[in-house]
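What follows is each chain in one-letter form.
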Amino acid sequence: MSERPSRALLSLWRVIAVARKELLQLVRDRLSLGFIVGIPSLQLLLFGYAINLDVRHIPTGVVDQAQSALSRQLVGELAATQTFRPVRAPKSEAEATGLLAASEVGAVVVIPPDLDRRLYRGRGAEISILADASNPTVAAAVAAAGEGLGNAIALRAQPFLVPGEASVARRLPPADRALFGVREDAVRASPLRIAVVPFYNPERRTPVFIVPGLVGVILTMTMMLMTALAVVRERERGTFEFLIATPVRRSELMVGKVIPYLIVGQIQVALVLALGAWIFDVPIHGSLVELALGAAVFVGAMLTLGLVISAPARTQFQAVQMAFFFFLPSMLLSGFMFPFDAMPEPAQWIGSVLPLTHFLRITRGILLKGAPLSSLLDEVAAIALFGAVTLALAVQTFTKRIA
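Residues numbered from 1 in each chain as written. Predicted model: local features only at pLDDT ≥ 70, side-chain atom pairs only at ≥ 80, totals over all residues. Heavy atoms only, no water.

Caption draft 1: Structural context of the pattern of salt bridges. Tallying each qualifying case throughout the model produces 4 salt bridges. Here R88 ties to E104 by a salt bridge, and the two come within 2.6 Å at their closest N and O atoms. Of the two residues, R88 sits in strand β2 (residues 84-88) while E104 sits in the loop between α4 (93-101) and β3 (107-111), which places them 16 residues apart along the sequence. Between E203 and R205 there is a salt bridge; the shortest N-O distance is 3.2 Å. (Salt bridge = Lys/Arg side-chain N within 4 Å of Asp/Glu carboxyl O. Helix = DSSP H or I, 4+ residues; strand = E, 2+ residues; numbered from the N terminus.)

Okay, here's the thing in structure tokens:
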């Protein structure tokens, strides 16, 4: 009977000793400690800033063909809704749709040249808002803001434009009513109508918005991890010794490791697009060749980032931890899940640095809008710059020695 408590006590001490050793190992491992503290803090900040479904300040182009005081007042009222942010003034609807296709604006307001005449004569004026419906959330916000503003203006103008005892026409002399008054049979119930025309995804189907974005998200995770794990795996298995004995330069070694995965990345792009078109009926309006060129630049940037991650990582688990630190902000701040324009400016600054933000605009621009790659060269240049910086950093941090 006396041996049982002692054995149980010894077993307890052994368990405590193992737990103490494991705790000390976690405390001494800076990467694991950063993972424990950093991931919850990062998730809290990113989700708190990124999850904002109240879309505000959508970049808007204004085609003002009336060029009158009334048209400028209407543009000011659109901006006052805080949903629209006029940033461009295209001269024609063709130029405006080009801005939509290049994702430079999210909406275009078209004001007709006869706005004042039709409004004051009670014939009913109409303003068109072309919305980029490739993002259903943005399209819904544009439709709600346009409808609300149209109703508010109609209520203000109703007593003056609709025939009745309080209308302007009724207060004219009887002899002048036929000449200057409002024709009751031509009067429309609503003096101003704001028509929202959804472009690129008129049905506002979510898969049409999500599937092109998944191309970038999948490439971000797989390409970055594949390269990082490949290098770390060689260190763990000791095959790095063979590389040390070769006369290969560091830059040549980096490029040689990247090339095979460029082919893998293109295969993944083709697979996702094929499944998306087959299962979810996602349209493909642009050139797949141009999309492949844009994807090659993006894949290269992700692969060089994987090389940077592999430099300080000693194990594959550490490489996965470090990759997750980059993947989470990319997914939340790129506009994949939540509208990019709805995020605060500091979050947009961070998102503008991330390659996924620019690649999403390329994929959605080419696939959904049929935009040529030449109209998206700014996005390609941003990704290429990121890839050049990470490649230079990888060459500097990658040493031809056994870690």
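Anyway, onward from the coordinates.
Caption draft 2: Inspection of the layout of surface pockets at higher detail. Reported here for the largest pocket is a volume of approximately 480 Å³. In terms of lining residues, the largest pocket is bounded by 25 residues, among which S103, D132, F340, D341 and R361 are the most central. Among the elements of the structure, β1 (58-64) and α14 (355-367) are those that each provide at least two residues to the lining of the largest pocket. No other element matches α14, which puts 4 residues into the lining of the largest pocket. Residue composition of the lining of the largest pocket, by class: 10 nonpolar, 8 polar and 7 charged. (1 Å grid on protein atoms, 1.4 Å probe; cavity = no way out; pocket = protein on both sides within 12 Å on 5 of 7 lines; lining within 4 Å. Points joined across faces, edges and corners; volume = space filled by probe spheres on them. Nonpolar A, V, L, I, M, F, W, Y, C, P; charged D, E, K, R; others polar.)

Caption draft 3: Representation of the packing of aromatic side chains in the model. If you walk through the whole model with that rule in mind, you get 3 aromatic pairs. A centroid spacing of 5.7 Å and a plane angle of 75° characterise the contact between F199 and Y200, whose relative ring orientation is edge-to-face. For the pair F298 and F359, a centre-to-centre distance of 4.4 Å together with 5° between the ring planes defines the contact as stacked. One end of the pair, F298, is in helix α11 (residues 288-310); the other, F359, is in helix α14, and 61 residues separate them in sequence. Seen from the ring of F340, R361 lies directly overhead, with NZ or CZ sitting 5.1 Å from the centre. (Phe/Tyr/Trp six-rings, centres within 6.5 Å; stacked < 30°, edge-to-face > 60°. Lys NZ or Arg CZ within 6 Å of the ring centre and 35° of its normal.)

Spatial relationships are all this shows, so hold off on functional conclusions.
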